[in-house]
Amino acid sequence: MSEGDQGDLRWRDTDNTKQHGSDEEDLYRSVDDIKQSQLMLSFAPKCDLILHNESKEETDKVEAVSTEWSILNSENMKKDNYFQLRKVTCEALIRGKSLPSWIVTEEMSQIPRRLSQEGYAWINQWCFEHKIGGNPVQKLQSCLETLEKKWLAICCIHSETERAEACGNLLKDETTEQRMYEAVKFLMLYKAIHLYNDMENGRKVPEFCKHLFARNTSFSPYHLMVNHLNWIGYSSGLEETEMELLRHTLETTISGYFVDCPDH
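This is a predicted model, so every value here is computed, not measured.

Caption draft 1: View of the overall build of the protein chain. Of regular secondary structure, the protein chain possesses eleven helices and two strands. Secondary structure elements in the protein chain, listed N-terminal to C-terminal, are α-α-α-α-α-α-α-α-β-α-α-α-β. For the protein chain, the residues scored as buried account for 36% of the 264 residues in total. A separation threshold of at least 6 residues defines the contact pool for the protein chain, and within that pool the share at least 24 residues apart is 74%.

Below, the structure is given as structure tokens:
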């Protein structure tokens, strides 16, 4: 036998030794262990396939929602003076956030009439794009009814993707959209009245209230309405402190920490 053949034989012997070693290991394993190993080997590809499919489904869901958000932001969401109101409202609707409990328990559509009877008759100076005629209190009631109806309808939709689609369709109806924003603005005023009264009585209020009512143009709820809220959507957007009031009203985020107000 040549030296080359002997080399090949040595390599073959080594391979056989490895194979025999594996067989010897199997001799010391129970039948159940061997079956379990074979079962795991046969199951592994299927398991990988299941995990891959589940991962793909989750990715598709995320991409679908992201696509809806992209459509709302880039195509349908106008960059006008309602933009900030539109963005916060749509964000809450798409997430399926319920109306804050304080709004639901207040019988929302009746708030304007009740305020008017409780010494806040100046809400009759609420502007509707400077259109003359009609009763402002009744118009506000109608706007609040529209907001409640549309909000409940969209938030009852189970799928986040479908809620985004419904919200996108809502943005195409300019009249309904503006009525909803007027309602949200009025709820901001209503919340501001309560916060202002709490400040006057030395109760704790969110930090942003100190800045909101420190401005010369909004040192009271009335001035906040005539100098700021009335103009949002028409000739101006929301300033930072008004954004805090909006989020506090809809309870979309925690509006800072609470501080004690000195007694007056």
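Here the narrative resumes.
Caption draft 2: How the structure looks around the packing of aromatic side chains. With the rule as written, the count across this model stands at seven aromatic pairs. Their ring planes at 40° and their centres at 5.1 Å tell us that Tyr-82 and Tyr-181 sit as a pair that is tilted. Note that Tyr-82 is positioned in the loop between α2 (31-76) and α3 (83-94) and Tyr-181 in helix α8 (residues 174-200), a separation of 99 residues in sequence. Summarising the aromatic geometry, the rings of Tyr-120 and Trp-122 are spaced 5.8 Å apart at their centres and angled 80° between planes, so their arrangement reads as edge-to-face. Judged by its relative accessible area of 19%, Trp-122 is buried. The aromatic ring of Trp-102 is capped on one face by Lys-191, whose charged end is 4.6 Å from the ring centroid.

Caption draft 3: Representation of unusual backbone geometry in the model. Phi is positive for Glu-251, close to 55°, though the residue is something other than glycine. In this structure, Glu-251 sits in the loop between α11 (240-250) and β2 (258-259).

Caption draft 4: Here's a closer look at the nonpolar core. Ranked by size, the top nonpolar core spans 57 residues in total, and within it Leu-85, Phe-186, Leu-189 and Leu-246 carry the most contacts. The element contributing the most residues to this core is α8, with 13 residues. Setting aside its immediate chain neighbours within four residues, Phe-186 contacts Ile-111, Pro-112, Leu-115, Ile-123, Trp-126, Leu-140 and Leu-144.

Caption draft 5: Representation of the side chain of His-228. Along the chain, the position of His-228 falls in the loop between α10 (221-227) and α11. By relative accessible area, His-228 is classed as buried at 10%. A distance of 2.6 Å separates the side chain of His-228 from the side chain of Thr-217, its partner in a polar contact. Each residue touching His-228, except ones within four places of it in the same chain, is listed here: Arg-215, Thr-217, Ser-218, His-223, Glu-239 and Glu-242.

Caption draft 6: Quick peek at the state of the cysteines. Summed over the entire model, instances satisfying the criterion amount to zero disulfides. With no disulfide partner, Cys-156 has as its closest neighbouring cysteine sulfur the one in Cys-155, 7.3 Å distant.

Caption draft 7: Seen up close, the confidence of the model for the protein chain. In the predicted model, the protein chain carries a mean pLDDT of 76, and 64% of its residues have values of at least 70. The spread of mean pLDDT over the elements of the protein chain runs between β2, the lowest at 37, and α10, the highest at 96. Within the model, the stretch residues 254-264 combines pLDDT values under 50 with 28 contacts to residues more than four positions away or in other chains.

Caption draft 8: Main features of the packing of α3 against α8. Contact pair α3 / α8: the axes reach a minimum separation of 11 Å and the direction vectors enclose 95°. Classified by the interaxial angle, the pair formed by α3 and α8 is roughly perpendicular. Two secondary-structure elements touch here, α3 through Leu-85, Arg-86, Thr-89 and Leu-93 and α8 through Glu-177, Met-180, Tyr-181, Val-184, Lys-185 and Met-188. Classifying every residue of the contact of α3 with α8 gives six nonpolar, one polar and three charged.

Caption draft 9: Representation of the side chain of Lys-185 within the structure. Its location among the elements puts Lys-185 in helix α8. On the basis of relative accessibility, which here comes to 0%, the residue Lys-185 falls in the buried class. Those residues within four positions of Lys-185 in sequence are excluded, and the remaining contacts are Leu-85, Trp-126, Leu-229, Asn-230, Ile-232 and Tyr-234.

Caption draft 10: The arrangement of the packing of α8 against α11 in detail. For the pair α8 and α11, interaxial distance at closest approach is 9 Å and the crossing angle is 95°. Considering their axes alone, α8 and α11 lie roughly perpendicular with respect to each other. Touching Val-184, Leu-187, Met-188, Lys-191, Ala-192 and Leu-195 of α8 are Glu-242, Leu-245, Leu-246, His-248, Thr-249 and Leu-250, all from α11.

Caption draft 11: Spatial organisation of helix α7 (residues 160-170). The complete set of buried residues in α7 reads Arg-163, Ala-164, Cys-167, Gly-168 and Leu-170. Taken around the axis of α7, the buried residues stretch over an arc of 155°, which confines them to a single face. At the N-terminal boundary of α7, the capping side chain belongs to Ser-159, with an oxygen 3.2 Å from the backbone nitrogen of Thr-161.

Rules and cut-offs
Residues numbered from 1 in each chain as written. Predicted model: local features only at pLDDT ≥ 70, side-chain atom pairs only at ≥ 80, totals over all residues. Heavy atoms only, no water. Helix = DSSP H or I, 4+ residues; strand = E, 2+ residues; numbered from the N terminus. Buried < 20%, exposed > 50% of the residue type's maximum accessible area, 1.4 Å probe, protein only. Contact = heavy atoms within 4.5 Å. Phe/Tyr/Trp six-rings, centres within 6.5 Å; stacked < 30°, edge-to-face > 60°. Lys NZ or Arg CZ within 6 Å of the ring centre and 35° of its normal. Core = buried A, V, L, I, M, F, W, Y, C linked by side-chain atoms within 4.5 Å. Polar contact = N/O pair within 3.5 Å; in protein donor to acceptor, adjacent residues only side chain to side chain. Disulfide = S-S within 2.5 Å. pLDDT = per-residue confidence, 0-100. Axes fitted to C-alpha atoms, helices over the stretch in contact; angles between N-to-C directions. Parallel < 35°, antiparallel > 145°, perpendicular 65-115°, else oblique. Nonpolar A, V, L, I, M, F, W, Y, C, P; charged D, E, K, R; others polar. Arc of directions from axis to C-beta.

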